[in-house]
Structures are given as C-alpha cells and as structure tokens.
Amino acid sequence: MNGQEKLILVTGASGYIALNVIEQLAKLPHRIRATVRNLKDEKKINIVRNAAAGSKHPIEIVAADLLKADTWPDTCKGVDIVLHVASPFPSETPEDPENNLLKPAIEGTKNVLNAAHAANVSRVVVTSSCASVYNFTAKNTTFTEQDWNKPENAMPYVKSKILAEKFAWDFVEEKKSKGEKCFELAVINPCFVLGPS
C-alpha cells in the first residue's frame, strides 16, 4: 500500500484471522471498518476493539450478514480495500451443509463482491484455502493458479472454499470481459491456521 491513508474493510472481524489482520492494520495509518453480524454481542465487539487498540483512528464496527445482500452497500461505501475474511468454519460438518456452509460462503462472497464493485473499491483480497487448490493425492507437484481441487469430490467445507474462490475469479473476469472497470482481486490460500478461539 502506498503512503496514502485508506479506508480498509475487514469482514468477519471477530474471527481469528480477521482479528490478527486488524491488529496489523492498527499499526498502519489507515482507517479500519470491520463487520460483525450482531452489534449487540458486546463480548465480540470488545474483542474487535481491543484488536485495533493503538490505531491512529478509532475502529468503525458495522453490522453485516453474509446472507443479507442489503447490508453490504452501506458497508462498502467509501471503502478503498476490502479484506474478505468472513466465511463459515465449523468444527464439524453441519447437518445441513448447503445452508450452513455452502450458501454463506458462496452467497456471502457474491454479496461482498457486488457491493465492493458498486462502491468502486480498488482492491479485494479474499481469504480462501489451500484446499481450493491442493489435490491430496498428488505427489511431488507444484501447484499454480491453474490448479483447482474438484468440488464434486470434496467435503462440504472444502467445496465451499473452492466454489467461493471460483466465484470471485469469475466475477472479475466477467466484469473485465464486458469492458467494466473492476477491482484488483487477490486471493490468499492458507493451509492450516492455529490459535486461540
């Protein structure tokens, strides 16, 4: 990021990765807007505020739900960069993976990207997973941007990450193919994240 102050949106702010992202952003001169589902959950709000302690600007915490498209336009308004970290990560496969895992991941990414595009955000960074790329049966293989895990063979969490990331790349390509200006997309694919919940 250049030296110019920016407004950076972090989705899923009370999650482990997002809290660490906020801690790092707080060391920079940028303004931070962070999303949570429920502004009445004081415990989570305080955790997010504490992560931003020491920031040059007070953190702005807003309510936004991955499945409620109407919560994202105002959330993205005036934002320069979106760090889309929010996505369900259950400790075990839910009884209804379609509605509790796949839909929030894919529809949530769709809602965030549509709002980011409408708000003329310059860059979006999506947190995906190495599971989107990595074929667990491959031996001595170097994986590139051209490699995708097969969603039809994947467990629900892995499938949600594959399909959400594919949607993000397809979204950008579709906008560009129509000659529309679109944000720059970057995707990170962590393998295994450990830390306190």
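Rules of the game
Residues numbered from 1 in each chain as written. Predicted model: local features only at pLDDT ≥ 70, side-chain atom pairs only at ≥ 80, totals over all residues. Heavy atoms only, no water. Helix = DSSP H or I, 4+ residues; strand = E, 2+ residues; numbered from the N terminus. Buried < 20%, exposed > 50% of the residue type's maximum accessible area, 1.4 Å probe, protein only. Contact = heavy atoms within 4.5 Å. Areas by Shrake-Rupley, 256 points an atom, 1.4 Å probe, with all protein chains shown as cover. Lys, Arg positive; Asp, Glu negative; His and termini not counted. Charge placed at Lys NZ, Arg CZ, Asp CG, Glu CD. Pairing = 2+ DSSP bridges. Axes fitted to C-alpha atoms, helices over the stretch in contact; angles between N-to-C directions. Phe/Tyr/Trp six-rings, centres within 6.5 Å; stacked < 30°, edge-to-face > 60°. Right-handed = clockwise from strand over helix to strand, strands pointing away.

### Re the overall build of the protein chain
So, point 1. The secondary structure content of the protein chain amounts to 5 helices and 6 strands.
So, point 2. Going from the N terminus to the C terminus, the protein chain shows its helices and strands as β-α-β-α-β-α-β-α-β-α-β.
So, point 3. Burial statistics for the protein chain: of 197 residues in total, 41% are counted as buried.
So, point 4. The contacts in the protein chain between residues at least 6 apart in sequence include a share of 70% that link residues at least 24 apart.
So, point 5. Of the accessible surface of the protein chain, which amounts to about 11,400 Å², a share of 50% is contributed by carbon and sulfur atoms.
So, point 6. Of the side-chain charges in the protein chain, 24 are positive and 23 negative, and the distance between the mean point of each set is 4 Å.

### Some remarks on the sheet that holds strand 5 (residues 123–127)
So, point 1. One open sheet accounts for 6 strands, arranged 3-2-1-4-5-6; its pairing is parallel. Two strands close off the open sheet at either side, each with one partner strand: strand 3 (60–63) and strand 6 (184–188). Here the average twist between neighbouring strands, direction ignored, is 20°.
So, point 2. Judged from the 4 bridges that link them, strand 2 (residues 31–36) and strand 3 form a sheet pairing that is parallel. Looking at strand 3, one finds that arginine 33 is bridged to glutamate 60.
So, point 3. Each of strand 1 (7–10), strand 2, strand 4 (81–84) and strand 5 touches helix 1 (residues 16–25); the most contacted strand, strand 1, lies at about 165° to it.
So, point 4. Set on the sheet, helix 4 (residues 97–118) makes contact with strand 4 and strand 5; between it and strand 4 the angle comes to about 175°.

### Quick look at the packing of aromatic side chains
So, point 1. Per the counting criterion, the structure on display carries 4 aromatic pairs.
So, point 2. Here tyrosine 134 and phenylalanine 143 contribute two aromatic rings whose centre-to-centre distance is 5.3 Å and whose plane-to-plane angle is 65°, an arrangement assigned as edge-to-face.
So, point 3. Consider the rings of phenylalanine 167 and phenylalanine 171, whose centres lie 5.9 Å apart with planes at 45°: the pair is tilted. With phenylalanine 167 and phenylalanine 171 both in helix 5 (residues 156–177) and 4 residues apart, this pair spans about one turn of that helix.
So, point 4. We classify phenylalanine 167 as partly exposed; its relative accessible area is 23%.
So, point 5. Judged by relative accessible area, which is 6%, phenylalanine 171 ranks as buried.
So, point 6. Through a chain of ring-to-ring contacts, three or more aromatic side chains come together here, namely Phe167, Phe171 and Phe183.

### Focus on the pairing of strand 4
So, point 1. The side-chain alternation of strand 4 yields two buried faces, one formed by Ile81 and Leu83 and the other by Val82 and His84.
So, point 2. Relative to strand 4, strand 1 runs parallel, the two sharing 3 bridges. By the bridge assignment for strand 4, leucine 9 is matched with valine 82.
So, point 3. Direction of pairing for strand 4 relative to strand 5: parallel, over a ladder of 4 bridges. Of the residues in strand 5, the one forming a bridge with valine 82 is valine 124.
So, point 4. The parallel pair strand 4 and strand 5 is bridged by helix 4, and the resulting crossover is right-handed.

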